[in-house]
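The chain contents come next:
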Amino acid sequence: MDSLELFFISVGALVFLLYLIKLIACMKIFFPKTWYPLPQSFFTSLGEWAVVTGGSDGIGRAYATELAKHGMNIVIISRTEDKLKKVAKEIEETTGQRVKVIVADFTKEDIYEHIAESIKELNVGVLVNNVGILSSKIPCRFLDTDDTDRVISNLINCNVKSLVKMSKIVLPGMEKRQKGLILNLSSGLAKFPCPLYTIYSASKVFVERFSRGLQAEYKSKGIIIQSVTPYGVSTPMTQHQRPNIITKTAEDFVRTSLNYILAGDQTYGCIPHQILGWIMQTIPLQVLHSSVVQEKFLAFVRQRVGDLI
C-alpha cells in the first residue's frame, strides 16, 4: 500500500467517523428518553421545593405545573398577586402539592432580600429562571423603542439581573447538599445577532453564557445548570401565537424540554426547535441582517399578532 492509498483511506475513515458522531448526536436528540433516562424520583431526589420565576403565565406556569406533577412543592414568583393565587389554587387542586406565592416585580431592584427571606427555610432542589420581558410587543429598531431609558432598565433588571440574583440566593443550599437543578430560559434569538429584537436577544446571550459558565464551575458539585433555548412558544409574551409544528404550547414545550435535562449545558428543548436551530446556523448573517429580510420579518410578525400596531 503506497502513501497515497493510505492517505485516502485515512481521509475516508475520518469522514466516516465524523458522520457517525453526527448520527449519534441526532439519535440522542430524537430519542432523549433512551439516551438520557430520568429516574421516576429524579426531581424529588434533588429537594422538596421548586422555585419558578415568572410562574403565573406561559412557560413559567407550565414548569410550575409539570414539576408539581413530578411530586415537588412549588414556589411561584411574579408581580400580580391575583394571578399567582389563581395559579397556585389550580396547581394545588390538580396535583395535591403545596404552592407558595411570592409577589415581586423583577423590573425592580429592591426585591431580593424579601425573596431570600421567604424561601430561606425551604429545601430548594430546582430553580427555574424563567421571568423575562420583551423591549417591545412588536419588533422595532433600537431608537424606535418607546420610552427607551425605562425599557433598558426594566429589561436588564428582569432578563439579566434576576437570573444572577436568584442563582446567588439558591446556589449555596444546592452546593451544601451537593445536588440541584437550575434551568435558565434563554431564546433561539440568542443564537445570532438579531436585529429588531436587539436588546432582548442580547440579554438572552447573557443567559446562555452565564448558564454554561456556571455549569462548568458547579458540575463537580453535583449541580445541573442548563440553558433552555426555545424558538416559538405560544405565551402571553408572544401574543398567544397559534401553535403549529414549530410554535409549541407552553405545556408541550416544557414537557418535552424536561426530557433533555441530562443532555448537557444547553438544549433547544424539542426536536422542531433543534432542527430550526440547525437551519438558522446555515443562513449567512448578511442575509439575516439585510433590510429586505428585516422588513419581511416585521410584516410577518405584525400579521401573526393581528397587526396590533
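In what follows, the structure referred to is the one given above.
Residues numbered from 1 in each chain as written. Predicted model: local features only at pLDDT ≥ 70, side-chain atom pairs only at ≥ 80, totals over all residues. Heavy atoms only, no water.

Draft legend 1. Spatial organisation of empty space enclosed by the protein. According to the stated counting rule, one finds 3 cavities of 30 Å³ or more in the structure shown. Taken as a whole, the largest cavity holds about 50 Å³ of empty space. Surrounding the largest cavity, Thr-53, Asn-129, Asn-130, Val-131, Asn-159, Ser-162, Leu-163, Leu-185, Lys-204 and Val-207 form its lining. Going through the elements one at a time, helix H7 (148–177) and helix H8 (198–218) are the ones with two or more residues in the lining of the largest cavity. When residues of the lining of the largest cavity are assigned to their parent elements, the largest contribution, 3 residues, is made by H7. Of the residues that constitute the lining of the largest cavity, the class distribution is 4 nonpolar, 5 polar and 1 charged. By volume, the second largest cavity is sized at about 40 Å³. Along its surface, the second largest cavity is lined by Ser-135, Cys-140, Arg-141, Phe-142, Thr-145, Leu-196, Tyr-197, Thr-198 and Ile-199. (1 Å grid on protein atoms, 1.4 Å probe; cavity = no way out; pocket = protein on both sides within 12 Å on 5 of 7 lines; lining within 4 Å. Points joined across faces, edges and corners; volume = space filled by probe spheres on them. Helix = DSSP H or I, 4+ residues; strand = E, 2+ residues; numbered from the N terminus. Nonpolar A, V, L, I, M, F, W, Y, C, P; charged D, E, K, R; others polar.)

Draft legend 2. Representation of the nonpolar core in the model. Counting 33 residues, the largest nonpolar core has Phe-43, Tyr-63, Ile-74, Ile-76, Val-126 and Leu-181 as the members making the most contacts within it. Here the element with the most residues in this core is helix H4 (residues 58–69); it accounts for 6 residues. In contact with Leu-181, not counting residues within four places along its chain, are Phe-42, Phe-43, Leu-46, Gly-125, Val-126, Leu-127, Met-174, Ile-224 and Ile-261. Core analysis: the second largest hydrophobic core is formed by 27 residues, Ile-111, Ile-119, Phe-210 and Tyr-218 among them. (Core = buried A, V, L, I, M, F, W, Y, C linked by side-chain atoms within 4.5 Å. Buried < 20%, exposed > 50% of the residue type's maximum accessible area, 1.4 Å probe, protein only. Contact = heavy atoms within 4.5 Å.)

Draft legend 3. How the structure looks around the sheet that holds strand E6 (residues 223–228). Read across the open sheet, the 7 strands follow the order E3-E2-E1-E4-E5-E6-E9; overall the sheet is parallel. Two strands bound the open sheet, and with one partner strand each, they are strand E3 (99–103) and strand E9 (266–267). The pairing of strand E1 (residues 49–53) with strand E2 (residues 73–78) spans 5 bridges and is parallel. Within E2, the residue paired with Ala-50 across the bridge is Ile-74. Here H4 sits on the sheet in contact with E1, E2, strand E4 (124–129), strand E5 (180–185) and E6, set at roughly 170 degrees to E1. Contacting E5, E6 and E9, H8 runs over the sheet at an angle of about 160 degrees to E6. (Pairing = 2+ DSSP bridges. Axes fitted to C-alpha atoms, helices over the stretch in contact; angles between N-to-C directions.)

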